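Spelled out from the first residue to the last, the chains are:
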Protein chains: 2
Amino acid sequence: MSHPPAPSIPTLDLRRGRAPADHARWRELCARSVGLDGPADDAARTIIADVRARGDVAVAELTRRFEGRALTPGAFELDASTRAAASAEVPEDTRAALELAARHVREFHRTQIPRSTGLERAGGATRLESRVHPLRRVAVYAPGGTAAYPSSVLMTGIPAKVAGVDEVILLTPRPSAVVLLAAELAEIDRVFAIGGAQAIAAAALGTESVPRVEKIVGPGNAYVTAAKRQVFGLCDIDSIAGPSEVLVLADAHADPELVAADLIAQAEHDTLACPVLVTDAPALRGAVREALGRQLAALPRADIARRALEDHGALALVDDRAAMIEAANDYAPEHLELLVESPDELVPRLRTSGAIFVGAWTPEAAGDYTAGPSHVLPTAGAARFASPLGVWDFVKYTSVLRLAPETLRAQARAIATLARAEGLEGHARAVERRVLDT
Amino acid sequence: MSHPPAPSIPTLDLRRGRAPADHARWRELCARSVGLDGPADDAARTIIADVRARGDVAVAELTRRFEGRALTPGAFELDASTRAAASAEVPEDTRAALELAARHVREFHRTQIPRSTGLERAGGATRLESRVHPLRRVAVYAPGGTAAYPSSVLMTGIPAKVAGVDEVILLTPRPSAVVLLAAELAEIDRVFAIGGAQAIAAAALGTESVPRVEKIVGPGNAYVTAAKRQVFGLCDIDSIAGPSEVLVLADAHADPELVAADLIAQAEHDTLACPVLVTDAPALRGAVREALGRQLAALPRADIARRALEDHGALALVDDRAAMIEAANDYAPEHLELLVESPDELVPRLRTSGAIFVGAWTPEAAGDYTAGPSHVLPTAGAARFASPLGVWDFVKYTSVLRLAPETLRAQARAIATLARAEGLEGHARAVERRVLDT
């Protein structure tokens, strides 16, 4: 049996004062971001305009054109018996696994439920609040076909229901039995068998058959992503999804076989995935490279994983633990694994990751399925400013102000002064009329 | 002295079973939203591409072209002595008013600081957290010229600093003395005298002189708004700003002079502002109309206010208190005033407003300046899904996962089952390698 060649994953020497070209390449990797414009933008724009003009008719026609499916608007939504029959087909071990995942995801997200906050003055007669409300209706998108991940339906739908959203709808072309079971376990209210930019447009605008939603979340292809971006403002969206990423920080104490296994688990997602090792141990780096070759030899999706490792991966060497922390913060990975001694010590200093996996017993794959936190995480450097999908995505705040007469009187002069400084006489008068009359 | 004509603000009869045309017009008002594409989009796209290609040089050149200001990159940032000298010019009463506002805004936003949350299993050996971190660097945008509102600098900058952002920068063309004083009171770290789409591009991308930021907030003109929308993904932005709005719910107990004064305070912002009254009291509606005519006669910005009232305003009559609540939820106003008996009772049922002003002693103008909550609020129906600007805008969460060996062992079979159901063998192996070896 001949082994395929070991991957030629790039090595970078990022030690201080060495290899300027490697440092430059690292800065390039850290500067990755979602594109400003994609080739799908124009197509998405046309589709949205069509759905705005023709509603259901456009959605049906675009579904036929792009997916080859003849679907009348009356059949966009799956009825309860279709959903139940499909999910009953799922093998028992898969059902049990999804149930366990759903339980943990629900339990974790319950810890995220935010409270209303505020303060009182004037003995309670003045009250200022940030009052929290769940959104009323949101859509969860799930791709169809080979990219259909039932786990993603749990990871988006459950946080929405835990937040208390009145109605969660699933948009997914050609829903599989296991996706429908996941929808059931996530307590998703309605399922629409539509996808692509036309589904995003329908949910953002509302059509006769598809209700208008306040937010759309979940990953999709380039057209879905372009459409989500364009409807932002009509409704809310989650962050723009790019390829999946893992940065593994490992030191001399790490097991190179585990490092390699975790890099491969990331790399097998697709050829654009970014599997990166940063270590201060030269010997570990060599051992990981060998382990990668060995493990890839027996992997079904080895070709995909090898491409990702070679094109978007890196095995980077830095001077010490401090440099490892700095590298992780600069890269801002979706997933950060800490395969180092005393990993807990590092956590407070790691500010820019989507999710941090602490120690050898916490593989990223556990986070993908059963651990509890949502696996929908910011990518392409967005972890610098964006959060994991969570209950916070499905609530909104309203400021509630109630001033006592004495509070308004005490502030009236300042309000009038600032209003007049900004040229807004009517603002000043609206306040003075109240305090001068009494 | 001849009075200008009373405004011909549209009246709508929204009582059940009446005036279908009025109901249709109301649905139109409720369906308002930010446009999908604006005329400024192409210009913003060109400007962003130019700043990406040429950095500071492009920013300087565009500033000369659009604003007629010759500004070298070295002069983008104001030095400390320039800032201090300018803010020392501000009259004492304005300074005192800004100081009072800053104190209240800071005090209120401190109540919004979120905590990290999480749960433990396996006696603490398994730990799942949502850990909160402030963003590292954000930009606050403030328009220049006549639209320069020092209050907005407080309302955006203070929540950012309360959140703990390391560096807050202000982007504003031609900063006035009072804007620079507001920046000082908001403890803004750096001020750049640049504006327009070129300033948004510079902050989103980073140039030699302008540091790259993780989020850009604050209102601007159409080019600024288009640019913010296009850089979303490179960095975060706040919600897309449309014209300002107030919905006043008033019943027979309300003082028509106050209702009129508050509608006018909204209407004077600009000709696109939306001042709307919804009442169940026909007599009140007539009295408000008369009061509007009287109060407008003596207002400096009467022409602007009249245009807003006539083009985007409405005096709507509904059947009862329940219909008032429904109308408010359908309209989803930026500002909602409750000039009704027992206004507190209504608050829990009002889910879609930006800010609610409870009772006659709480005019919207107080919220604009000194009450405490930020006056940067969602508009154009976005209050259905977006929150007031707050501390939550300037923090992000990171999921932190640490599994005990027994936790991973208990979940390993479910993880492997789901991974294989999704065709991801490498995920299954990354977990099995850990639990089978030990």
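Computed from a predicted model, the values in this text were never measured in an experiment. Sequence positions are assigned chain by chain, starting from 1 and proceeding in written order. Ligands are numbered from 1 and chains lettered from A, in the order in which they are written. Selection of residues for local features in this predicted model requires a pLDDT of at least 70, selection of side-chain atom pairs for listing and counting requires 80 or more, and totals for whole chains, interfaces and linings are taken over all residues. For side-chain calculations, the full set of non-hydrogen atoms in the structure is used, while hydrogens and water are omitted.

K.L.:
How do you make sense of the packing of aromatic side chains when you look at a structure like this?
P.N.:
Any pair of aromatic rings gets described here by the distance separating the centres and the angle formed by the planes. Stacked, tilted and edge-to-face pairs are distinguished by plane angle, under 30 degrees for stacked and over 60 for edge-to-face with tilted covering the rest, among Phe, Tyr and Trp rings (Trp via its six-membered ring) whose centres lie within 6.5 Å. Inspection of the entire model under this criterion finds five aromatic pairs over all chains. Arranged with centres 3.8 Å apart and planes meeting at 5°, the rings of Trp392(A) and Tyr397(B) form a pair that is stacked. Placement of Trp392(A) in the loop between helix H14 (364–369) and strand E14 (395–402) and of Tyr397(B) in strand E14 (residues 395–402) is noted, with the two residues assigned to different chains. Throughout this description, buried means an accessible area under 20% of the type-specific maximum (1.4 Å probe, protein chains only), exposed means over 50%, and partly exposed covers the range between. Take Trp392(A): its relative accessible area is 21%, and that puts it in the partly exposed class. Judged by its relative accessible area of 14%, Tyr397(B) is buried. Residues Trp26(B) and Tyr331(B) carry aromatic rings whose centres are separated by 5.6 Å and whose planes lie at 25° to one another, so their mutual orientation is stacked. A residue pair is termed long-range when its members are at least 10 positions apart, and Trp26(B) in helix H1 (residues 20–30) and Tyr331(B) in helix H13 (residues 321–331) qualify at 305 residues. The exposure class assigned to Trp26(B) is buried, which follows from its relative accessible area of 7%. Two conditions define a charge located above a ring, namely a distance within 6 Å from the ring centre to NZ of Lys or CZ of Arg, and an angle within 35 degrees of the ring normal. When the ring centre of Tyr331(B) is taken as origin, the NZ or CZ atom of Arg32(B), which lies over that ring, is 3.7 Å away. Strands are runs of DSSP state E lasting at least 2 residues, helices are runs of H or I lasting at least 4, and numbering of each runs from the N terminus.

K.L.:
Help me understand the interface of chain B and chain A in this model?
P.N.:
The figure often quoted for interface size is the accessible area lost as the parts come together. The partner chain A presents 128 residues to the 128 residues of chain B that form the contact. Take the accessible area each of two parts loses on contact, using a 1.4 Å probe, and add the two losses: that sum is the buried area. At the boundary of chain B with chain A, total buried surface from both sides reaches about 11600 Å², with 59% on carbon and sulfur atoms. The salt bridge definition used is simple: a Lys or Arg side-chain nitrogen within 4 Å of an Asp or Glu carboxyl oxygen. Between chain B and chain A we count 12 salt bridges in total. In this structure, Arg434(B) engages Asp262(A) in a salt bridge whose closest nitrogen and oxygen atoms are separated by 2.6 Å. Paired strands, in this sense, are two strands between which DSSP finds at least two bridges. Examined bridge by bridge, strand E13 (residues 355–358) of chain A and E14(B) share three bridges and lie parallel to one another. Bridging across to E14(B), Ile356(A) finds its partner in Val400(B). Here a residue-residue contact requires only that any non-hydrogen atoms of the pair lie within 4.5 Å.

K.L.:
How do you make sense of the pairing of strand E3 (residues 126–134) of chain B when you look at a structure like this?
P.N.:
On a regular strand, each side chain points to the face opposite its neighbour's, so the side chains alternate between the two faces of the sheet. Residue and element names in this part refer to chain B. Here five bridges tie strand E2 (residues 117–121) to E3, and the two strands are oriented antiparallel to one another. Note that in E3 the partner of Gly118 across the bridge is Glu129. Counting the residues that bridge the hairpin from E2 to E3 gives four residues, and of these Ala122 lies at a positive phi of roughly 50°. Where E3 meets E14, eight bridges bridge the pair, whose relative direction is antiparallel.

K.L.:
Hey, could you run me through helix H12 (residues 302–312) of chain B in this one?
P.N.:
Quick reminder: α-helices carry 3.6 residues per turn. Residues three or four places apart thus point the same way. Residues and elements named next belong to chain B. Turning to H12, its buried residues number three or more, namely Ala302, Ala305, Arg306, Ala308 and Leu309. Projected down its long axis, H12 shows its buried positions confined to an angular sector of 160°, all on one face. Where H12 is buried, its residues contact helix H10 (256–267), strand E10 (274–279) and helix H11 (282–297). The arc under discussion is defined with respect to the helix axis, by the directions toward the C-beta atoms.

K.L.:
I tried to follow the relation of the copies chain B and chain A on my own but got confused; where do I start?
P.N.:
The two chain copies are related to each other by a rotation about an axis together with a translation along it. The superposition of copies rests on a least-squares fit of C-alpha positions from residues with pLDDT of 70 or more in both. Relative to chain A, chain B is turned by 180° and slid 0.0 Å along the rotation axis, the superposed coordinates differing by an RMSD of 0.0 Å. On the angle and the small slide along the axis, the relation comes out as a two-fold axis. Here 100% of the contact residues of chain B are again contact residues in chain A; the copies associate through an equivalent surface.

K.L.:
What's the story with the packing of helix H15 (residues 405–421) of chain B against helix H16 (residues 425–436) of chain B in this structure? I'm lost.
P.N.:
Working note: a packed helix pair is described by the angle between its axes plus the distance between those axes. All names here are of chain B. Helix axes are fitted to C-alpha atoms over the stretch in contact, other axes to C-alpha atoms as well, and angles between N-to-C directions run from 0 to 180 degrees. Contact geometry for H15 and H16: axes closest at 8 Å, N-to-C directions at 160°. By the angle class used here, H15 and H16 are roughly antiparallel. Crossing hand, H15 versus H16: left-handed. Across the interface between the two elements, Leu408, Arg409, Ala412, Ile415, Ala416, Ala419 and Arg420 of H15 pack against Glu425, His427, Ala428, Arg429, Val431, Glu432, Arg434 and Val435 of H16. Taken together, the residues of the contact of H15 with H16 break down into eight nonpolar, one polar and six charged. Should an angle fall under 35 degrees it is taken as roughly parallel, and over 145 as roughly antiparallel, whereas 65 to 115 is taken as roughly perpendicular and any remaining angle as oblique. Helix crossings get a hand from a simple test, with the near helix turned counterclockwise from the far one by less than a right angle marking a left-handed crossing and a clockwise turn marking a right-handed one. Nonpolar residues are Ala, Val, Leu, Ile, Met, Phe, Trp, Tyr, Cys and Pro. Charged residues are Asp, Glu, Lys and Arg, and all others, Gly as well, are polar.

K.L.:
Which parts of the structure should I look at to understand the domain arrangement of chain A?
P.N.:
Under the domain assignment used here, chain A contains domain 1 (11–34 + 242–371), domain 2 (41–112 + 130–237) and domain 3 (403–435). Those domain boundaries reflect an automatic or database domain assignment. On a C-alpha basis, the centroid separation for the pair domain 2 of chain A and domain 3 of chain A is 48 Å.

K.L.:
What exactly am I supposed to notice about the layout of surface pockets here?
P.N.:
Using a probe with the size of a water molecule, rolled over the atoms, empty space left in the structure can be pinpointed. Residues and elements named next belong to chain A. When its volume is computed, the second largest pocket comes out at roughly 600 Å³. Note on definitions: the grid is 1 Å and covers protein atoms alone; a cavity is a set of points where a 1.4 Å probe fits but cannot get out; a pocket is an open set with protein on both sides within 12 Å along at least five of seven lines; lining residues have an atom within 4 Å of a point. Lining of the second largest pocket is provided by 21 residues; of these, Trp26, Arg27, Cys30, Glu326 and Asp330 occupy positions nearest its centre. Going through the elements one at a time, helix H1 (20–30) and helix H13 (321–331) are the ones with two or more residues in the lining of the second largest pocket. Of the residues in the lining of the second largest pocket, the class split is nine nonpolar, one polar and 11 charged. Grid points are joined across faces, edges and corners, and a volume is the space filled by probe spheres set on the points.

K.L.:
I keep staring at the sheet that holds E14(A) and nothing clicks. Help me out?
P.N.:
Pairing between sheet strands relies on hydrogen bonds along the backbone, with the strands arranged either parallel or antiparallel. Reading across from one edge, E2(A)-E3(A)-E14(A)-E13(B)-E12(B)-E9(B)-E10(B)-E11(B)-E1(B) is the order of the nine strands in this open sheet, with mixed pairing throughout. With partners counted over all chains shown, the strands left at the sheet margins are strand E2 (117–121) of chain A together with strand E1 (11–13) of chain B, one partner each. Along the sheet, successive strands turn relative to each other by an average axial angle of 20°, direction set aside. Both strand E12 (residues 335–339) of chain B and strand E13 (residues 355–358) of chain B contribute to a ladder of four bridges, which runs parallel. Among the inter-strand pairings, Leu336(B) is bridged to a residue of E13(B), identified as Ile356(B).

K.L.:
Got a minute to help me understand the pattern of salt bridges in this structure?
P.N.:
When the charged atoms of two side chains lie near each other, side chains of opposite charge can form a pair. Throughout the structure, instances matching the rule amount to 70 salt bridges over all chains. In this structure, Arg420(A) engages Glu425(A) in a salt bridge whose closest nitrogen and oxygen atoms are separated by 2.8 Å. Glu425(A) sits in the buried class, given a relative accessible area of 16%. Measuring nitrogen to oxygen at the nearest pair gives 3.0 Å for the salt bridge that ties Arg307(B) to Asp311(B). With a gap of four residues between them, Arg307(B) and Asp311(B) both fall in helix H12, about one helical turn apart. A relative accessible area of 45% places Arg307(B) in the partly exposed class.

K.L.:
Mind showing me how you'd approach the side chain of Thr407(B) here?
P.N.:
With respect to the element layout, Thr407(B) can be found in helix H15. A residue is classified by how much of its surface remains accessible, and Thr407(B), at 8% relative accessible area, is buried.

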